[in-house]
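# Fold and contact review
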Amino acid sequence: MSILFPENIIKGSLSISTEECDYVKAKLQRIKIKQEDMIQVSFFTKQQVYHQNIKLEEVSSFLNQQLNVNFKSLELFTEDFIYYYKITSKGKLLTNRKKQQNEFLVLEHNKNKQYLLTEGMIIPPMIDLGVMTPDGKVVKDKWDKFKQINRFLELIEDSIQHEKELKIIDFGCGKSYLTFILYYYLTYVKKIHCQIIGLDLKEDVIDHCNEIALKYQYKHLTFLKGDISKFHEMDHIDMVITLHACDTATDYAIYHAIQMKSRYIFSVPCCQKEINQQLKINKFHIIAKHGILKERFSSILTDALRSSILQYCGYKTQVVEFVDFDATPKNVLIRATYDNLKPSLTIKNELDELIQYFEVNQTLYHLIFNQK
């Protein structure tokens, strides 16, 4: 049985897999590769996704084979119509066509931006978090969180595009939903051999996270109880993550990353009280008389010191906007890549001047320059 399919397919989906098929479902999406239009097919198992790019002239043959062998149901979208195909238990083909609604099409195009994790993937931690339904659809009121998670992954993806193996420590991991999602992305999407260790003070949280890792069968994701400030450094750590580690815990995490010469550091600071509590009002009375401005100024000063210290220690450093998952004002991420840069006397002088002018002590500065 050969079926004639429409041209100008925008997207589609294959479902109701046969007993012979290894996949749960497949998604189709029109993309451009080197200016050539193609259809990208994402095949989904229960835990993994595999991609295949099909030339437009080969799409009809591909879909006929899939409907005859692997799947019983097909849905295709063009600009004007939605087409439905179904193979019954008796082998009969049923077809239908509906007029496309322009509003719906625009909404779907917005949803189908090229996110690293796409709608339709079966991602256990995203489902348990309530961002996705069990069949891989993004929950209607969770699109902001879905985009925020992808934003975090994009920031990491930009740095590690050619990596084949990574050993990662997540300091102050907490409930770790981002850690689980990162493990899924690196292991099942990027196909990187990845080991992640999460560290947190709360024993009940650590036990719970280890139980979840066991449930997901994430064999190389483990969680340990420990104090970041007393952490014993490990060898061959490729990446350090610290998301919302409170106040000076962020400084200890960055310090350990520097000592281990971690190639990548991703830090989202939180609760930056240290400098805020030391600032003398007479230094900047106009700002200090407003509590919220004093707090924000203290955070800016703290992160300026941290990023410059990282530069001094051999890292290329960026401070980028990062949307916090709880929609709080804490939306700065420090991203650093080790480049073996030589210590700069200019940077050290600038750091000293800032510390002396504001008459403050700062933990990372102390750990790097005063503990030698």
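Below is a summary of the structure that appears in this document. (Residues numbered from 1 in each chain as written. Predicted model: local features only at pLDDT ≥ 70, side-chain atom pairs only at ≥ 80, totals over all residues. Heavy atoms only, no water.)

### A short note on the packing of aromatic side chains
Per the stated rule, a full pass over the model turns up 21 aromatic pairs. Here a set of aromatic residues connected by ring pairs shows up, and it is made of Phe180, Tyr183, Tyr184, Tyr188, Tyr216, Tyr218 and Phe223. Lys11 extends its terminal NZ or CZ atom over the ring of Phe77, reaching a point 4.6 Å from the ring centre. One Lys or Arg, Lys25, reaches over the ring of Phe44 and ends 5.6 Å from the middle of that ring. (Phe/Tyr/Trp six-rings, centres within 6.5 Å; stacked < 30°, edge-to-face > 60°. Lys NZ or Arg CZ within 6 Å of the ring centre and 35° of its normal.)

### Let's talk about helix α7 (residues 249-259)
The element α7 is extensively covered by neighbouring structure, given that eight of its eleven residues are classed as buried. Thr250, Asp251, Ala253, Ile254, Tyr255, His256, Ala257 and Ile258 are the residues of α7 that are buried. Buried residues belonging to α7 abut β8 (165-171), β11 (239-246), β12 (264-270), α9 (291-312), β13 (315-321) and α11 (363-370). Downstream of α7 by a residue or two, Lys261 has a phi angle that is positive, lying close to 50 degrees. (Buried < 20%, exposed > 50% of the residue type's maximum accessible area, 1.4 Å probe, protein only. Helix = DSSP H or I, 4+ residues; strand = E, 2+ residues; numbered from the N terminus. Contact = heavy atoms within 4.5 Å.)

### Some points on the side chain of Glu163
Residue placement: Glu163 occurs in the loop between α4 (143-157) and β8. For Glu163, a relative accessible area of 15% corresponds to the buried category. Here the side chain of Glu163 touches Arg263 through a polar contact of 2.6 Å, side chain to side chain. Excluding residues within four positions of it along the chain, Glu163 makes contact with Ile192, Arg263 and Tyr264. (Polar contact = N/O pair within 3.5 Å; in protein donor to acceptor, adjacent residues only side chain to side chain.)

### Details of the pairing of β12
By the criterion of burial, β12 is predominantly enclosed, with seven of the seven residues buried. By the alternation rule, side chains of β12 split into Tyr264, Phe266, Val268 and Cys270 and Ile265, Ser267 and Pro269, which are all buried. As judged from the six bridges shared by β11 and β12, these two strands associate in the parallel manner. In the sheet register, Ile241 faces β12, and the bridge partner there is Phe266. Read from β11 through α7 to β12, the crossover connection turns out right-handed. Across four bridges, the pairing between β12 and strand β14 (residues 332-338) is antiparallel. Bridging across to β14, Ile265 finds its partner in Ala336. (Pairing = 2+ DSSP bridges. Right-handed = clockwise from strand over helix to strand, strands pointing away.)

### Observations concerning the pattern of salt bridges
Under the counting rule described, the total for this entry stands at eleven salt bridges. When the shortest N-O distance is used, the salt bridge between Arg306 and Asp251 registers 2.8 Å. Of this pair, Arg306 sits in helix α9 while Asp251 sits in helix α7, and the two are 55 residues apart along the sequence. For the pair Arg306 and Asp251, a shared accessibility class is recorded, and that class is buried. Between Asp352 and Lys348 there is a salt bridge, with its nearest N and O atoms 2.9 Å apart. One end of the pair is Asp352 and the other is Lys348, both in helix α10 (residues 345-358) and four residues apart, which spans about a single turn. Looking at Lys348, the relative accessible area reads 18%, which means it is buried. One salt-bridge network, in which partners are shared between bridges, spans Glu163, Asp238 and Arg263. (Salt bridge = Lys/Arg side-chain N within 4 Å of Asp/Glu carboxyl O.)

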